[in-house]
Amino acid sequence: QKEVEQDPGPLSVPEGAIVSLNCTYSNSAFQYFMWYRQYSRKGPELLMYTYSSGNKEDGRFTAQVDKSSKYISLFIRDSQPSDSATYLCAMVTSGSRLTFGEGTQLTVNP
Amino acid sequence: SQTIHQWPATLVQPVGSPLSLECTVEGTSNPNLYWYRQAAGRGLQLLFYSVGIGQISSEVPQNLSASRPQDRQFILSSKKLLLSDSGFYLCAWNMGGGGQPQHFGDGTRLSIL
């Protein structure tokens, strides 16, 4: 069983939709949680970084962490075609090495 | 601000040829450095990481090696490339202290013919 599970998609939505991306994990020692956005032929770009359970908002993006359920989510409001990318969740204990999900491919159609 | 550079962006090499990919970080000191490989449509596979000059940890036995000759320079090498070495290679850095996010370069797309 993988430590981090992420639905690979692909996920296709119309412009303006609310997008929900999710990851589950099995290691209760994970303390820090990240979401990365990766455009085609580019490196992953850090989008959100959270520590505690609850919500963190940044513009159209909201990261949600539920440590009791071992579940994290990324919500994208008013999605745009420029949001089309692969989204990777990542998490880490108190060390430096991250554990990544496989990534979800998102397409936002104009 | 910190930046990370990887080159080349694209590389086509014949089977059996050597390889050298370079990664440099600017704007910080003593970063942790990482090499990943990403297969098409797949997640990130950690290949090597380094916490300091000359300190390399290998995650997966393979045809590749890594070196860190300077504080902010990380090199991925091979003496003889295999077809299975094709992929997208990413370098990343973060600061020590635990729990820090990693920051990635734009990768090298390696094709072996």
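Here is a short report on the structure shown in this document. Owing to the predicted nature of the structure, the values given are computational and were not obtained by experimental measurement.

### Observations regarding the overall build of chain A
Looking only at helices and strands, chain A features zero helices and 11 strands. Order of helices (α) and strands (β) in chain A, N terminus to C terminus: β-β-β-β-β-β-β-β-β-β-β. Here the C-alpha atoms of chain A give a radius of gyration of 13 Å, agreeing with the 13 Å that 2.2 N^0.38 yields for 110 residues. Counting over 110 residues, chain A shows a buried share of 42%. Taking all contacts inside chain A whose residues are at least 6 apart in sequence as the whole, residues at least 24 apart take part in 53%.

### Regarding the sheet that holds strand β3 (residues 19-25) of chain A
Residue and element names in this part refer to chain A. An order of β1-β3-β8-β7-β6 is seen for the five strands of this open sheet, with the pairing classed as antiparallel. Either end of the sheet is taken by a strand with one partner, and the two such strands are β1 (4-6) and β6 (54-58). Going from strand to strand, the sheet's axes swing by 15° on average, the running direction of each strand aside. Both strand β7 (residues 61-66) and strand β8 (residues 71-76) contribute to a ladder of six bridges, which runs antiparallel. Across the sheet, V65 pairs through a bridge with I72, a residue of β8.

### Let's talk about the interface of chain B and chain A
Opposite the 26 residues of chain B that make contact, chain A presents 20 residues. The contact between chain B and chain A buries some 1,700 Å² in all, and 51% of this surface belongs to carbon and sulfur atoms. On inspection of chain B and its partner chain A, the count reaches two salt bridges. With its nearest N and O atoms 2.6 Å apart, the salt bridge here joins R97(A) to E59(B).

### Looking at the nonpolar core
Where a protein is soluble and globular, its nonpolar side chains tend to be buried together. In this structure, W35(A), I72(A), L74(A), Y87(A) and M91(A) are the most contacted members of the largest nonpolar core, which totals 24 residues. Secondary-structure elements contributing two or more residues to this core are β3, β4 (32-38), β5 (45-50), β7, β8, β9 (85-92) and β11 (104-109) of chain A.

### A closer look at the packing of aromatic side chains
Enumeration according to the criterion identifies 12 aromatic pairs over all chains in this entry. Relative to F100(A), the ring of Y36(A) has its centre 5.8 Å away and its plane inclined at 50°; by these criteria the two rings are tilted. With a gap of 64 residues between them, Y36(A) in strand β4 and F100(A) in strand β10 (residues 99-100) connect regions that are remote in the sequence. A relative accessible area of 11% means that F100(A) is categorised as buried. With a centroid separation of 5.6 Å and 45° between ring planes, the pair formed by Y36(B) and F104(B) is classed as tilted. With Y36(B) in strand β4 (residues 32-38) and F104(B) in strand β10 (residues 103-104), this residue pair connects regions lying 68 residues apart in the sequence. There is no split in this pair, since Y36(B) and F104(B) are both buried. Over the ring of Y51(A) we find K67(A); its NZ or CZ atom is 4.7 Å from the centre of that ring. Lying over the aromatic face of F88(B), R109(B) brings its terminal NZ or CZ to 4.5 Å of the ring centre.

### Some remarks on unusual backbone geometry
Here the amide bond leading from G9(A) into P10(A) is cis, since omega sits at 5°, within 30 degrees of zero. Summarising the element assignment, P10(A) is placed in the loop between β1 and β2 (11-14). Residue W7(B) is joined to P8(B) through a cis peptide bond whose omega torsion reads 0°. For P8(B), the position within the fold is in the loop between β1 (3-7) and β2 (10-13). With a phi close to 45°, D78(A) is a non-glycine residue in the positive phi region. On the secondary structure map, D78(A) appears in the loop between β8 and β9. The phi dihedral of N30(B) falls on the positive side, at around 55°, and the residue is not glycine. Along the polypeptide, N30(B) turns up in the loop between β3 (19-26) and β4.

Cut-off values and rules
- Residues numbered from 1 in each chain as written.
- Chains lettered and ligands numbered in written order.
- Predicted model: local features only at pLDDT ≥ 70, side-chain atom pairs only at ≥ 80, totals over all residues.
- Heavy atoms only, no water.
- Helix = DSSP H or I, 4+ residues; strand = E, 2+ residues; numbered from the N terminus.
- Rg over C-alpha atoms; globule rule 2.2 N^0.38 Å.
- Buried < 20%, exposed > 50% of the residue type's maximum accessible area, 1.4 Å probe, protein only.
- Contact = heavy atoms within 4.5 Å.
- Pairing = 2+ DSSP bridges.
- Axes fitted to C-alpha atoms, helices over the stretch in contact; angles between N-to-C directions.
- Buried area = accessible area lost by both parts, 1.4 Å probe.
- Salt bridge = Lys/Arg side-chain N within 4 Å of Asp/Glu carboxyl O.
- Core = buried A, V, L, I, M, F, W, Y, C linked by side-chain atoms within 4.5 Å.
- Phe/Tyr/Trp six-rings, centres within 6.5 Å; stacked < 30°, edge-to-face > 60°.
- Lys NZ or Arg CZ within 6 Å of the ring centre and 35° of its normal.

These figures capture arrangement, not role.
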